[in-house]
Amino acid sequence: MIIKKSAAITFIVCCFLSANVQAQSKSPILVSAGKPIAEVQPTMWGIFFEDINFGADGGIYAELIKNRSFEFSMALMGWTVAQNKFNEGAVLVLNRQDLNTGNPRFIRVTKKNTEDSLSLTNEGFRGMGIKKGLRYDFSVLCRQQTPGLQLHLELLNASGDVIGKTVLSPSGKANEWKKEAISFNATDTAWKGKFRISFEGTGIVDLDMISLFPSDTWKHRPGGIRSDMIQLLADMKPGFIRFPGGCIVEGRDLANRYQWKKTLGPVDERHLIINRWNTEFAHRPAPDYFQTFGLGFYEYFQLAEDIGAEPLPILNCGMACQFNTAESVPLTEIDSYVQDALDLIEFANGDANTKWGKVRVSLGHPAPFNLKMMGIGNENWGPQYIDRLKIFFKAIKEKYPNFKLVVSAGTDPDGERFDYLNNEERKMGADLIDEHYYRRPEWFLGNAARYDNYPRNGSKVFAGEYAAQSDHTVSINNKNNMATAISEAAFMTGLERNAAVVNMASYAPLFAHEEAWQWTPDLIWVNNIQSYGTTDYYVQKLFSTNRGTNVVTALRDGKALTGQDSLYVSSVMDKNTNDLIIKVVNASGKEQTNTFKLDGSKKFASEGTLTTLQSNDLSSENSFAKPFNVAPVDSKIAVNKKQMIVTSRPYSFSVIRVKM
Ligand code: AHR
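Analysis parameters
The written sequence of each chain sets the order in which its residues are numbered from 1. Confidence filtering applies because this is a predicted model: local features only for residues at pLDDT of at least 70, side-chain atom pairs given and counted only at 80 or more, and all residues used for totals across whole chains, interfaces and linings. As a convention, hydrogens and water are excluded, and side-chain values are obtained from all of the structure's heavy atoms. A strand pair is defined by DSSP finding two or more bridges across the two strands. Each helix corresponds to a stretch of at least 4 residues labelled H or I by DSSP, and each strand to a stretch of at least 2 residues labelled E; elements are numbered beginning at the N terminus. Burial classes: relative accessible area under 20% of the type maximum marks a residue as buried, over 50% as exposed, and values in between as partly exposed (1.4 Å probe, protein chains only). Between the N-to-C directions of two axes lies an angle of 0 to 180 degrees, each axis being a line fitted to C-alpha atoms and, for a helix, fitted only over the stretch in contact. Polar contact is the term for a pair of N or O atoms within 3.5 Å; when the atoms are in protein, one must be able to donate a hydrogen and the other to accept it, and sequence-neighboring residues count only if both atoms are side-chain atoms. Contact between two residues is taken to exist if any of their heavy atoms lie within 4.5 Å; hydrogens are not considered. What counts as a ring pair is set by centres within 6.5 Å for rings of Phe, Tyr and Trp (its six-membered ring), and what kind of pair is set by the plane angle: stacked under 30 degrees, edge-to-face over 60, tilted for all other angles. Oblique is the label for any angle not under 35 degrees, not over 145, and not in the 65 to 115 range, which are roughly parallel, roughly antiparallel and roughly perpendicular in turn. By convention the crossing between two helices is left-handed if the near helix lies anticlockwise of the far one by an angle smaller than a right angle, and right-handed if it lies clockwise. In this count, Pro and Cys sit with the nonpolar residues alongside Ala, Val, Leu, Ile, Met, Phe, Trp and Tyr, while Asp, Glu, Lys and Arg are called charged and the others, Gly among them, polar. When at least one non-hydrogen atom of a residue lies within 4 Å of a molecule or strand, that residue is treated as near it. Note on areas: Shrake-Rupley with a 1.4 Å probe; residue coverage comes only from the protein chains shown. Here, nonpolar core refers to any group of buried Ala, Val, Leu, Ile, Met, Phe, Trp, Tyr and Cys residues whose side-chain atoms link them within 4.5 Å. Domain segmentation is taken from an automatic or database assignment of domains. In this description, the term disulfide denotes a pair of cysteine sulfurs within 2.5 Å. Handedness of a crossover is defined as follows: with both strands directed away from the viewer, a clockwise route from the first strand across the helix to the second makes it right-handed.

(A) Looking closely at the sheet that holds strand S28 (residues 554-556). Read across the sheet, five strands follow the order S29-S28-S1-S32-S35 without closing on themselves; strand pairing throughout is mixed. Edge strands, defined here as strands with exactly one partner in the open sheet, are strand S29 (559-560) and strand S35 (643-648). Relative to S35, strand S32 (residues 592-599) runs antiparallel, the two sharing six bridges. Across the sheet, Thr-595 pairs through a bridge with Ile-645, a residue of S35.

Written out as structure tokens, the structure reads:
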């Protein structure tokens, strides 16, 4: 035992000495904690939300019934009608266009004989996640034509067993629409559940907005959003949330663009449209993908407020997706688009005496949302975009001179299109230019110095969409793994070092449903019950939760570390907590030991925290089975005479925090 112990001590001493020798063979990295060179904006690290990959309907929007209002192109998509005896016309799809333009269709159920059986089953969005013991809230718009029918409501598991039930006896007067509601508990868990309504008795009843929500929504709001998914976002402490996209803002054509005014108010009046990702990729068809707008702009603002993120809405600039129809509104007819932008500012910030402020107040939010910025256009390009942008600029800046406008730099971070837009937008005095990079990991590793020579004055950069592609853009084989995570972390040290230029950044896309995705890679994966963060999620989270307030230099031989010896380093201080925060990425497969000399404070704590995301295998991933396969691990690090010896394991991203 004694022998073993001394052998272990000898081993540790040898390791320490060899690490020390390795560290001493290279010049130290000098961190000048006392000399802040730029501010890190509170908005620096944020999130990008788009209704892609079943991100909203079938994703964070917790509604379990697919096609609840029969407005999908195929009115009964998602529903199965079952009868023991075939009765033609037992379930009819009707239309009341004149009374409810947002939601014209409903169904009429007729049952003439008590002994017949008739039921409607909804399949959910790739099944329904049902949790044992949880309360489920059912509601329906109901009009009894001939009273007498009772609705038996049942949760089913994949085998068809009943795992929760209740009975609803409509109480409305004959011929009057009434919202009926009832709650009941699930007796078992099902990953791919269904919901059945069986009709007992005889009568005729009209039904619409057949809805079922779990009660464990975020903040337990009825008709709310999925708490496990939102918790993952809240845990990131994002500086902003960009919504609602992405290409969804543009639409395949202008009629299919996102129109925020149509997403407010009673959910049964919100006009559903086809989701543009429904038909985008022939290799990933999603014929049942629609936007019900149950999650609308009010809910997005509320979400931003809940998670402490600045709201960043992106509005259509009068142009549909240029990969699709490229339809553009004539300049002479652009006024309503511009008015939408002006009205949105009033909706978010105006008081109850303004037209749109009053709407917000009526929806339950008397206080303003303090909207400070907005994007005009997503991935738009060309002179046609600049022409439209100028009109928005003039109108918005005239009325709200300090309001910040985010503009698009197109689809790629380089090339003629990018250069043209970048020049024009800088000339216009754009506040933030939205650059997108969907590139291979090598690109991210090679571009950590991208912003070192960007102009310090004038327009700032919003790295609005980025993700390392393990295969290639829109390949179905893209995966988030240690290779993509490390390359993004390396690149992000460059964004942080250049916080004087880069004021905001967000990974994209955010969510993907295991069975219903169109685009990969994605930051967070979900199924009907679980959600997990990928390796890249932890990179985002570590940057965001260690944002700091000011950039300080971390230099070796007077130079920033932007990939020399596969090492990437950036550093910030946090004036609020008095912490020095150093981020170190070792993108090589070899362990590296470096000495960090700390400067700029009389004293540093003798010990700091070291949080590391690491794997020896670049192909390591997280999964539903192993959600924390690669996740940050905390340890301590010694600070001795203002010096730290930092051993960076192969393929690792570490965050060091030391009190000053
Ligand atoms: O993030 C997925 C898509 O990529 C976005 O909708 C679009 O802006 C970009 O092309």
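(B) Examining unusual backbone geometry more closely. Residue Pro-244 follows Phe-243 across a cis peptide bond; omega there is 0 degrees. Position of Pro-244 among the secondary structure elements: in the loop between strand S15 (240-243) and strand S16 (273-274). Look at the link from Ala-508 to Pro-509: it is a cis peptide, with omega at -15 degrees. Here Pro-509 shows up in the loop between strand S23 (502-507) and strand S24 (511-513). Of note, the phi angle at Val-474 is positive, near 60 degrees, even though the residue is not glycine. Topologically, Val-474 is positioned in the loop between strand S22 (460-468) and helix H9 (482-497). According to the relative accessible area criterion, Val-474 is partly exposed, its value standing at 32%. The backbone of Asp-557 sits at a positive phi, close to 50 degrees, despite the residue not being glycine. Assignment of secondary structure puts Asp-557 in the loop between S28 and S29. According to the relative accessible area criterion, Asp-557 is exposed, its value standing at 60%.

(C) Local environment of the sheet that holds S22. As summarised here, the arrangement of the eight strands in space is S3-S15-S18-S19-S20-S21-S22-S23, forming a closed barrel in which the pairing is parallel. Each strand of the sheet is rotated relative to its neighbour by a mean of 25 degrees, with strand direction disregarded. Pairing geometry for strand S19 (residues 373-376) and strand S20 (residues 404-408), over four bridges, is parallel. Of the residues in S20, the one forming a bridge with Gly-375 is Val-406.

(D) Region of the structure containing the side chain of Asp-216. In this structure, Asp-216 sits in the loop between strand S14 (203-214) and helix H2 (227-235). Side chain to side chain, Asp-216 and Lys-131 meet in a polar contact 2.8 Å long. The residues touching Asp-216, leaving out its near neighbours within four places in the chain, are Lys-131, Leu-134 and Ser-227.

(E) Structural detail: the packing of aromatic side chains. Taken as a whole, this structure holds 45 aromatic pairs when the rule is applied. Ring centres 6.4 Å apart and planes at 55 degrees place the aromatic pair Tyr-400 and Phe-403 in the tilted group. Judged by its relative accessible area of 21%, Tyr-400 is partly exposed. The class of Phe-403 is buried, set by a relative accessible area of 5%. Judged by centre distance (6.1 Å) and plane angle (80 degrees), the rings of Trp-517 and Trp-525 are edge-to-face. The exposure class assigned to Trp-517 is buried, which follows from its relative accessible area of 13%. Taking the relative accessible area as the measure of exposure, Trp-525 reaches 13% and is therefore buried.

(F) Structural detail: the packing of helix H4 (residues 335-349) against helix H6 (residues 383-399). One can describe the packing of H4 onto H6 by two numbers: an axis separation of 10 Å at closest approach and a directional angle of 30 degrees. What the angle tells us is that H4 and H6 run roughly parallel. H6 is crossed by H4, and the crossing has right-handed handedness. In this structure, H4 uses Tyr-337, Val-338, Ala-341, Leu-342, Ile-345 and Glu-346 to contact H6, whose residues at the interface are Ile-391, Phe-392, Ala-395, Ile-396 and Lys-399. When grouped by side-chain class, the residues that make up the contact of H4 with H6 number nine nonpolar, no polar and two charged.

(G) Just the pairing of strand S9 (residues 135-146), in detail. Among the twelve residues that make up S9, nine are buried, leaving the element largely enclosed by the rest of the structure. Pairing of S9 with strand S12 (residues 177-185) involves nine bridges; the strand directions are antiparallel. By the bridge assignment, Arg-143 is partnered in S12 with Trp-177.

(H) Spatial organisation of the site of the ligand. The environment of the ligand is formed by Glu-50, Gly-246, Cys-247, Trp-277, Asn-378, Glu-379, Tyr-438, Glu-465, Ala-508, Pro-509 and Trp-519. Within the backbone of Cys-247, a nitrogen or oxygen atom sits 2.9 Å from an oxygen atom of the ligand. Here an oxygen atom of the ligand and a side-chain polar atom of Tyr-438 are 2.7 Å apart. Contact with the protein chains removes 96% of the 280 Å² of surface that the ligand exposes when unbound.

(I) Up close: the packing of helix H3 (residues 297-306) against H4. For the pair H3 and H4, the least separation of the axes is 12 Å and the interaxial angle reads 50 degrees. As far as their axial angle goes, H4 and H3 are oblique. For the element pair H3 and H4, the recorded crossing hand is right-handed. Between H3 and H4, the residues in contact are Phe-297, Tyr-298 and Phe-301 and Leu-344, Phe-347 and Ala-348, respectively. Looking at the contact of H3 with H4, its residues break down into six nonpolar, no polar and no charged.

(J) Spotlight on the nonpolar core. Counting 140 residues, the largest nonpolar core has Phe-297, Met-374, Ile-396 and Leu-495 as its most contacted members. Split by domain, this core shows at least three residues from each of two domains, domain 1 (23-40 + 552-659) and domain 2 (47-62 + 218-547). With near-sequence residues (within four places) excluded, Met-374 lies in contact with Leu-312, Pro-313, Leu-315, Ala-341, Leu-344, Ile-345, Ile-396, Phe-403, Lys-404, Leu-405 and Val-406. In this structure, Ile-65, Phe-138, Leu-149 and Leu-155 belong to the second largest nonpolar core, which totals 33 residues.

(K) Local environment of the state of the cysteines. Using the criterion set out here, one finds zero disulfides in the structure. Of all cysteine sulfurs, the one in Cys-247 lies closest to Cys-321, which takes part in no disulfide; the gap is 4.7 Å.

(L) Structural context of the side chain of Asp-208. As for its placement among the helices and strands, Asp-208 is situated in strand S14. For Asp-208, the side chain forms a polar contact with the side chain of Asn-103, separated by 3.0 Å. Setting aside residues up to four positions removed in sequence, Asp-208 forms contacts with Arg-68, Ser-69, Phe-70, Arg-96, Asn-103, Arg-105, Phe-106, Val-140, Leu-141 and Trp-177.

(M) View of the pairing of S22. The buried fraction of S22 amounts to eight of the nine residues, a majority that puts the element mostly inside the structure. Pairing of strand S21 (residues 432-439) with S22, which is carried by eight bridges, proceeds in the parallel orientation. Within the sheet, the bridge partner assigned to Tyr-437 lies in S22 and is Tyr-466. Regarding the hand of the β-α-β motif, the stretch spanning S21, helix H8 (residues 441-446) and S22 is right-handed. Regarding the hand of the β-α-β motif, the stretch spanning S22, H9 and S23 is right-handed.

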